[in-house]
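# Per-entry structural report
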Amino acid sequence: MLPQEVRSIIEEMKAERIMGASYLAKKGAEAYLKLAGILRGEKLLNAMKDLQKEIIMVNPTMASLYNLTRFIPLTSDPEFVKLKAEEFIRLGEEAKREIGNIGSELIDENEVVLTHSFSSAVLEIFRSAKMKGKHFRVILTESAPDYEGLALAGELERLEIPFEIITDAQIGIFAERATMAIVGADNITQDGAVINKAGTYPLALACHDRGIPFYVAAESFKIHPELKSEEVEIVERKFKRNHFLIRGYLFDVTPWKYVRGVITELGILVPPKEI
């Protein structure tokens, strides 16, 4: 059984609706840190087994959570757990900065970038491009039903990056007004598919139809080491409006053939051969 302090972090992760896979992986690492500060020896080892399962089940679609549990091996040594958890957090922050640096080089002067949902990696690209003095603007979807796009809009407003918000249904209309698209990812499978916020696939199709380059920004820990796209569990969350039940898959699958490249801290990878 997990200590209440650790359980609270897991519950916070389950309740999160805006922040994506990078944030949840970092919170998961913090759960390991908290656990190692409370338990040691056999009790720690047994609790880590429970924590592994709990973290993955927060969102089985996200490769980052699976890879976190692989990065921190089962042990009874609390100092080793702390060391690995802190390393994971540090590597994640370093990866994001490098993605920002690499991805910002793709943004030319007066670029119009279309994006969907909230991705901390994509935000870092925009931040880096702004710091390099580039002039560009962003078209972003509101990203229903949790409206992550509005959270991204708030960040862009603080950075003084010009943007406009569109409804998700207008992706096809505004794709022809963009010069490129960049989205994040929750999982990149071994066959090169990109699993991200539902609506990503229609965006990729619209970009393909109009000859607009479609990029994905993701830390390497979002690449799943084993699963192919048809093997990934896609989480569904049903909800009601008025008295009507609405089905809502949280993610969709974009085949590799629509992806120009995956921007990682290791460079821009071309799926599926470089995944």
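These remarks concern the structure in this document. (Residues numbered from 1 in each chain as written. Predicted model: local features only at pLDDT ≥ 70, side-chain atom pairs only at ≥ 80, totals over all residues. Heavy atoms only, no water.)

## Some details on the sheet that holds strand S4 (residues 180-183)
Spatially, the seven strands line up as an open sheet ordered S3-S2-S1-S4-S7-S11-S12, and their pairing is mixed. Each edge of the sheet is formed by a strand with only one pairing partner; in this case those strands are strand S3 (163-166) and strand S12 (267-269). Taking each pair of neighbouring strands and ignoring which way they run, the sheet shows an average axis angle of 25 degrees. Direction of pairing for strand S1 (residues 111-115) relative to S4: parallel, over a ladder of two bridges. (Pairing = 2+ DSSP bridges. Helix = DSSP H or I, 4+ residues; strand = E, 2+ residues; numbered from the N terminus. Axes fitted to C-alpha atoms, helices over the stretch in contact; angles between N-to-C directions.)

## Remarks on the sheet that holds strand S5 (residues 187-188)
Spatial ordering of the open sheet is given by S5-S6-S10, a layout of three strands whose pairing is antiparallel. Edge strands, defined here as strands with exactly one partner in the open sheet, are S5 and strand S10 (251-254). Relative to S10, strand S6 (residues 194-197) runs antiparallel, the two being bridged by four bridges. Each residue of the ladder has a partner; that of lysine 197, found in S10, is phenylalanine 251.

## A closer look at the pattern of salt bridges
For side chains of opposite charge, pairing can occur when their charged atoms come near one another. One pass over the full model with this rule turns up 20 salt bridges. Taking the shortest distance from any N to any O, the salt bridge between lysine 27 and glutamate 30 comes out at 3.2 Å. Separated by three residues within a single helix, lysine 27 and glutamate 30 lie in helix H2 (residues 21-36), roughly one turn from each other. For glutamate 30, a relative accessible area of 26% gives the class partly exposed. (Salt bridge = Lys/Arg side-chain N within 4 Å of Asp/Glu carboxyl O. Buried < 20%, exposed > 50% of the residue type's maximum accessible area, 1.4 Å probe, protein only.)

## As for the side chain of serine 120
Tracing the backbone shows serine 120 in helix H6 (residues 120-131). Separated by 3.2 Å, the side chains of serine 120 and lysine 96 make a polar contact. Residues in contact with serine 120, not counting those within four places in the same chain, are Ser22 and Lys96. (Polar contact = N/O pair within 3.5 Å; in protein donor to acceptor, adjacent residues only side chain to side chain. Contact = heavy atoms within 4.5 Å.)

## Focus: the packing of aromatic side chains
Applying the stated rule across the entire model yields four aromatic pairs. When the ring of phenylalanine 88 is compared with that of phenylalanine 221, the centres are 5.2 Å apart and the planes differ by 35 degrees; the resulting orientation is tilted. Here phenylalanine 88, found in helix H5 (residues 78-104), pairs with phenylalanine 221, found in the loop between strand S7 (214-217) and strand S8 (239-241); they are 133 residues apart in sequence, far enough to count as distant. Grouping residues by exposure puts phenylalanine 88 and phenylalanine 221 together as buried. Arranged with centres 6.2 Å apart and planes meeting at 45 degrees, the rings of tyrosine 201 and tyrosine 258 form a pair that is tilted. Highlighted residues: tyrosine 201 in helix H9 (residues 200-210) and tyrosine 258 in the loop between S10 and strand S11 (261-264), separated in sequence by 57 residues. (Phe/Tyr/Trp six-rings, centres within 6.5 Å; stacked < 30°, edge-to-face > 60°.)

## Thoughts on unusual backbone geometry
Here the residue pair alanine 144 and proline 145 is connected by a cis peptide bond, since its omega of 5 degrees sits within 30 degrees of zero. Looking at the element boundaries, proline 145 is found in the loop between strand S2 (136-141) and helix H7 (148-159). Residues other than glycine seldom take positive phi values, yet tyrosine 147 does so here, at roughly 60 degrees. With respect to the helices and strands, tyrosine 147 occurs in the loop between S2 and H7. Even without being a glycine, asparagine 242 presents a positive backbone phi close to 55 degrees. Relative to the elements of secondary structure, asparagine 242 occurs in the loop between S8 and strand S9 (244-246).

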